[in-house]
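Letter by letter, the chains look like this.
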Amino acid sequence: MVDFSSIDFDNRNISETISLLKDKSVSVPSWDKLKKDYEPTLHAILSDTTTLKDKIRSDGQVDKSARIIVGLEKLHVKRMAEFTFSIPVKRVYSNIEGNDTRKQISKAIEAIYRKVHIYSENIKRAKALYASCEIFTVWYAVKKTNTLYGFQSDYKLKCKTFSPMSGVHLYPLLNEMDDMLAMSFEYTKKVKDKEVTYFETYTEDKHYIWKQGLDSGGWESVLTQITEDGEIANGEDIVLKKIPGIYAWKSEPVYDGLSSFRSEIEYSLSRNSNVIAYNSAPLLKVSGGLKGQEEKGEAYRIFRCETGGDVSYVSWSQSIEALKYHVDKMEKLYWAQAQIPDISFENMKGLGNIGYEARQALLTDAHLRIDDEKEMWIEFLERECNVIKAFLKVMNTKWKDEIDNVVVEHVITPYIQNDELADINKRMKANGNKPIESQLESIQKYGKSSDAAATLKQIQEENAVEASQSASAFNLDNQVL
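The structure contained in this document is the topic of the report that follows. What you see is a predicted model; the values in this text were computed from it and never measured.

Procedures and definitions
Residues numbered from 1 in each chain as written. Predicted model: local features only at pLDDT ≥ 70, side-chain atom pairs only at ≥ 80, totals over all residues. Heavy atoms only, no water. Helix = DSSP H or I, 4+ residues; strand = E, 2+ residues; numbered from the N terminus. Buried < 20%, exposed > 50% of the residue type's maximum accessible area, 1.4 Å probe, protein only. Contact = heavy atoms within 4.5 Å. Areas by Shrake-Rupley, 256 points an atom, 1.4 Å probe, with all protein chains shown as cover. Lys, Arg positive; Asp, Glu negative; His and termini not counted. Charge placed at Lys NZ, Arg CZ, Asp CG, Glu CD. Axes fitted to C-alpha atoms, helices over the stretch in contact; angles between N-to-C directions. Parallel < 35°, antiparallel > 145°, perpendicular 65-115°, else oblique. Left-handed = near helix turned anticlockwise from the far one by under 90°. Nonpolar A, V, L, I, M, F, W, Y, C, P; charged D, E, K, R; others polar. Expected span 1.5 Å × (residues − 1). Disulfide = S-S within 2.5 Å. Salt bridge = Lys/Arg side-chain N within 4 Å of Asp/Glu carboxyl O. Arc of directions from axis to C-beta. Pairing = 2+ DSSP bridges. Core = buried A, V, L, I, M, F, W, Y, C linked by side-chain atoms within 4.5 Å. Patch = residues over 30% accessible without salt bridge, like charges linked within 9 Å, V, L, I, M, F, W, Y side chains within 5 Å. Polar contact = N/O pair within 3.5 Å; in protein donor to acceptor, adjacent residues only side chain to side chain.

1. Describing the overall build of the protein chain
(1) Moving on: Scanning the protein chain from terminus to terminus reveals 13 helices and 19 strands.
(2) Moving on: For the protein chain, the C-alpha atoms occupy an extent of roughly 110 × 105 × 40 Å along the three principal directions.
(3) Moving on: Per-residue burial over the protein chain gives 35% buried out of 481 residues.
(4) Moving on: Residue pairs in contact within the protein chain that sit at least 24 positions apart in sequence constitute 63% of those at least 6 positions apart.
(5) Moving on: A total accessible area of about 29500 Å² is found for the protein chain, and carbon and sulfur atoms account for 49% of it.
(6) Moving on: Once the 64 positive and 73 negative side-chain charges of the protein chain are each reduced to a mean point, those two points are 4 Å apart.

In structure tokens form, the structure reads like this:
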């Protein structure tokens, strides 16, 4: 492990500094290897000319072998991300009752999450982490006067997630206690029609950016500042006094060890496709000898055979059930070991209108699988919330002493198809069958009215008219009791 204190960021030999920062503190599988299983277009079957040989005819024409690809790993990652974050993360704020400032802080934090579209961001980075095994989300402030967060601010917060899937190499530097000392990442972008490599590093005090010069090819600093002594120093100061980003990693992708099942499915289907193609041409069987030439007309063909001879087509009988069983078994083994049910339309359409409890039982294995990942995500989200709090302390100094007193708990709920009626019945049973929402709230949740309050007023007026008419019809006003 690199001694962080030995890294001289003002060293004129930038290559040496970058080389030390690239000494990765965690062991993460190479994305160059992982993507060969994740991306269907990179599967080995497409370049395999040994097991699946192309046939070359005598005239030089090539009959290519069937090479059918199945993207189970990609679908697996997509479903894992959806099971984790399709139901948005719920943030529960505590220690704010009776304190208006803390309530305003909680609303500001929610506004920040909402403005960066954290729901779609969670889905995106879940896919990246489950597939490529590491992500880094950096938060930064953009100069823009606004009142988005409940107070006058000169800055707007944004975030961006980097991962190997987007062509970014991540280099975390951790100490023995897994505390992050520096976070670096390398990427390329086009400048003046040339590919330029950039290397960025965040520490708790500084943000550095270097690039490989367009002409010389060597490294040069992009961010510099003048010190109090009048000297030029690399990097820019970080006012948060902490790394404004969050890193997460896994030792293996979610599809680790399952690609052999997918490969077996691909080869079985491809071999069978070749057999079907070979036997699809009609085969004519002639028994005995033929007399003369074939006679052809617009609606007939005649073969004359010797005594006892016959002409007939040979039908090909394929044992399709064995292939179907084999492919289905491989697919079931894949999803069973992944602990993710196969929720394709073909499988789900036979279930019918099953109840809420039955759906929960159906997804038990998937929920247990998400529970395996939940603690990692909660830790990640809590560290991200602390970064947001650090920004708020700088953006609104009046809240500085109260921000850390706001406790935020993140709740991840694995996906389950909502059953609002079942949820309402459960809540009403818990409170003695009392209403759980007002008539106005019901109209608002329905969402069809552009002005829920006006709709409620109109309903009340109509009810009053109806009651008045009913009373008149029964002459209740003149009835003597």
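Continuing now.
2. Side note on the packing of helix α6 (residues 259–279) against helix α7 (residues 320–338)
(1) Moving on: The contact between α6 and α7 brings their axes to 9 Å, and the two run at 160°. It follows from the interaxial angle that α6 and α7 lie roughly antiparallel. Of the two elements, α6 crosses α7, and the hand of that crossing is left-handed. Between α6, through F261, E264, I265, S268, L269 and N272, and α7, the contact on the second element is made entirely by I320, L323, H326, V327, M330, E331, L333, Y334 and Q337.
(2) Moving on: Among the residues making up the contact of α6 with α7, the classes are represented as nine nonpolar, four polar and two charged.

3. What to know about α6
Every α-helical turn comprises 3.6 residues, leaving residues that sit three or four positions apart pointing alike.
(1) Moving on: Relative to the 30 Å expected for 21 residues at 1.5 Å per residue, α6 spans 30 Å between its end C-alpha atoms, a close match to the ideal helical length.
(2) Moving on: Those residues of α6 not exposed but buried are S259, F261, R262, I265, E266, Y267, S268, S270 and N272.

4. With respect to the state of the cysteines
(1) Moving on: Tallied over the full model, the rule gives zero disulfides.
(2) Moving on: Considering cysteine sulfurs only, C385 is the nearest to C159, which forms no disulfide, with 13 Å between them.
(3) Moving on: A relative accessible area of 13% means that C159 is categorised as buried.

5. Considerations on the pattern of salt bridges
It is possible for side chains of opposite charge to pair when their charged atoms get near one another.
(1) Moving on: Within this structure, the stated rule accounts for 23 salt bridges.
(2) Moving on: R57 is the salt-bridge partner of D63, the closest N and O atoms lying 2.8 Å from each other.
(3) Moving on: By relative accessible area, D63 is classed as partly exposed at 29%.
(4) Moving on: On the basis of relative accessibility, which here comes to 44%, the residue R57 falls in the partly exposed class.
(5) Moving on: A salt bridge links K241 to D205, with the nearest nitrogen and oxygen atoms 3.9 Å apart. Here D205 lies in the loop between β8 (194–202) and β9 (206–212) and K241 lies in the loop between β13 (236–237) and β14 (245–249), a separation of 36 residues in the sequence.
(6) Moving on: Overlapping salt bridges, with partners in common, bring together D37, E73, R262 and E266 in one network.

6. A closer look at the side chain of S163
(1) Moving on: Structurally, S163 can be placed in the loop between β5 (153–162) and β6 (169–174).
(2) Moving on: Apart from the residues lying within four places of it in its own chain, the contact partners of S163 are A128, S132, E134, I135, V168 and L170.

7. Quick notes on helix α1 (residues 14–21)
(1) Moving on: Among the residues making up α1, those that are buried are I14, T17, I18 and L21. Across the axial projection of α1, the buried residues extend over an arc of 95°, all falling on one side.
(2) Moving on: As for α1, its buried residues are in contact with β6, β7 (180–191), β8, β9 and β10 (219–221).

8. Points about unusual backbone geometry
(1) Moving on: Although it is not a glycine, K241 adopts a positive phi angle of roughly 60°.
(2) Moving on: The residue Q339 is not glycine, and still its phi comes out positive at about 60°.
(3) Moving on: Relative to the assigned elements, Q339 resides in the loop between α7 and α8 (345–348).
(4) Moving on: By relative accessible area, which is 24% here, Q339 ends up partly exposed.

9. Overview of the pairing of strand β3 (residues 90–94)
(1) Moving on: Here β3 shows a clear split, with R91 and Y93 buried on one side and none of K90, V92 and S94 buried on the other.
(2) Moving on: Bridge count between β3 and strand β19 (residues 407–411): five bridges; the pairing is antiparallel. In the strand pairing of β19, R91 is matched with H410.

10. A short note on the nonpolar core
(1) Moving on: Grouped together as the largest cluster of nonpolar side chains are 88 residues, with contacts concentrated most on F136, W139 and W377.
(2) Moving on: Broken down by element, this core gets its largest block of residues, 13 residues, from helix α10 (residues 364–395).
(3) Moving on: Apart from residues no more than four positions distant in its own chain, W377 is found in contact with T84, F85, R125, A126, L129, Y130, I135 and I412.
(4) Moving on: Formed by 13 residues, the second largest nonpolar core is a distinct cluster that contains L173, A182, F199 and W210.

11. Thoughts on a nonpolar patch on the surface
(1) Moving on: Nonpolar side chains collect at one region of the surface, where L284, V286, L290 and Y313 lie side by side and expose about 370 Å² of accessible area between them.
(2) Moving on: Within the secondary structure, Y313 sits in strand β18 (residues 310–314).

12. Digging into the side chain of S132
(1) Moving on: The topology assignment puts S132 in helix α5 (residues 118–132).
(2) Moving on: Since its relative accessible area comes to 1%, S132 is described here as buried.
(3) Moving on: Within the structure, the side chain of S132 is placed 2.6 Å from the backbone oxygen of A128, a separation counted as a polar contact.
(4) Moving on: Every residue in contact with S132, bar those within four places of it in the chain, is listed here: V28, W31, L34, S163, P164 and M165.

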